[in-house]
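Descriptive analysis of the structure
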Amino acid sequence: MSSGNDRVYRLDDQTGFLLRLASQRHTAIFAEHMVPDLTPTRFSALAKLYEKGSLSQNELGRQTAMDIATIKGVVDRLRDRGFVETGPDPDDARRQRVSLTKAGVDMIERALPLAKAITEATLEPLTDREAQTLQRLLKKLC
């Protein structure tokens, strides 16, 4: 027979649960402050293309932590809105290359200051040192 303490499991103390709550909080802040119709996945794709330049669709998916189906849908929606263009990769015609359009550059340049403010709002309950530690530890987990 086990003691009562062996069966104690407090959801509120579990890492995964706390990460999910923090993620939900950040997502709500993002939705409130970001450019309308720019979801976190669309923002990530635009930001990565702005940072790196043209990428294959598969590489863009890897660099934004999206699976093949998700990145395809994101790219399709961004292309439909005129923010990216796609075409065959000059090194491998089997691959799709994704590039920002002028409208995409304008959109991400409009969104980046908002994204910085969103990060600040997400981390607002923390001291600067705590925020730096959190960022370092999250990178270590990833």
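Report on the accompanying structure.

Rules behind the numbers
- Going along each chain's sequence as written, the residues are numbered from 1 onward.
- It should be noted that, the model being predicted, local features are given only for residues of pLDDT at least 70 and side-chain atom pairs only at 80 or more, the latter also being counted only at that level, while totals for whole chains, interfaces and linings use all residues.
- Hydrogens and waters are ignored; side-chain quantities use all the structure's heavy atoms.
- To form a nonpolar core, buried Ala, Val, Leu, Ile, Met, Phe, Trp, Tyr and Cys residues must be joined to one another through side-chain atoms within 4.5 Å.
- Per-residue accessibility, obtained with a 1.4 Å probe over protein chains only, is compared with the maximum for each type, and a residue is labelled buried under 20%, exposed over 50%, and partly exposed between these values.
- The numbering of helices and of strands both runs from the N terminus, where a helix is a DSSP run of H or I of at least 4 residues and a strand a run of E of at least 2.
- Residue contacts are defined here by distance: any two heavy atoms, one from each residue, within 4.5 Å place the two residues in contact.
- Here, strands pair whenever DSSP counts at least two bridges between them.
- Axes, fitted as lines to C-alpha atoms, cover a helix only where it is in contact. Angles between the N-to-C directions of the axes lie from 0 to 180 degrees.

**Points about the nonpolar core**
- Formed by 26 residues in total, the largest nonpolar core has its most connected members in Met34, Leu38, Phe43, Leu46, Leu60 and Val84.
- Contributing elements (two or more residues each) for this core: helix H1 (15-33), helix H2 (40-52), helix H4 (68-80), strand E3 (92-100) and helix H5 (102-123).
- Apart from the residues within four sequence positions on either side, Leu60 is in contact with Ala45, Lys48, Leu49, Leu55, Ile71, Val75 and Val98.

**Regarding unusual backbone geometry**
- Despite not being glycine, Asp37 has its phi angle at roughly 70°, a positive value.
- Structurally, Asp37 can be placed in the loop between H1 and H2.
- Given the relative accessible area of 49%, Asp37 is considered partly exposed.
- Of note, the phi angle at Ala65 is positive, near 60°, even though the residue is not glycine.
- Within the secondary structure, Ala65 sits in the loop between helix H3 (57-63) and H4.

**So, the pairing of strand E2 (residues 84-89)**
- Here E2 runs beside E3; their pairing, made up of 6 bridges, is antiparallel. Among the inter-strand pairings, Val84 is bridged to a residue of E3, identified as Leu100.
- Once E2 ends, the chain turns through 2 residues before running back antiparallel as E3.

**Digging into the side chain of Gln57**
- Mapped onto the elements of the fold, Gln57 is located in helix H3.
- On the basis of relative accessibility, which here comes to 14%, the residue Gln57 falls in the buried class.
- Setting aside its immediate chain neighbours within four residues, Gln57 contacts Ile71, Lys72, Val75, Gln96 and Val98.

**Things to note about the sheet that holds E2**
- On the basis of which strands lie adjacent, the open sheet formed by 3 strands has the order E1-E3-E2 and antiparallel pairing. Pairing within the sheet leaves two strands with one partner each, and these edge strands are strand E1 (55-56) and E2.
- Sheet contacts for H4: E2 and E3; angle to E2, the most-contacted strand, approximately 120°.

These results come straight from atomic positions and should not be treated as a statement about function.
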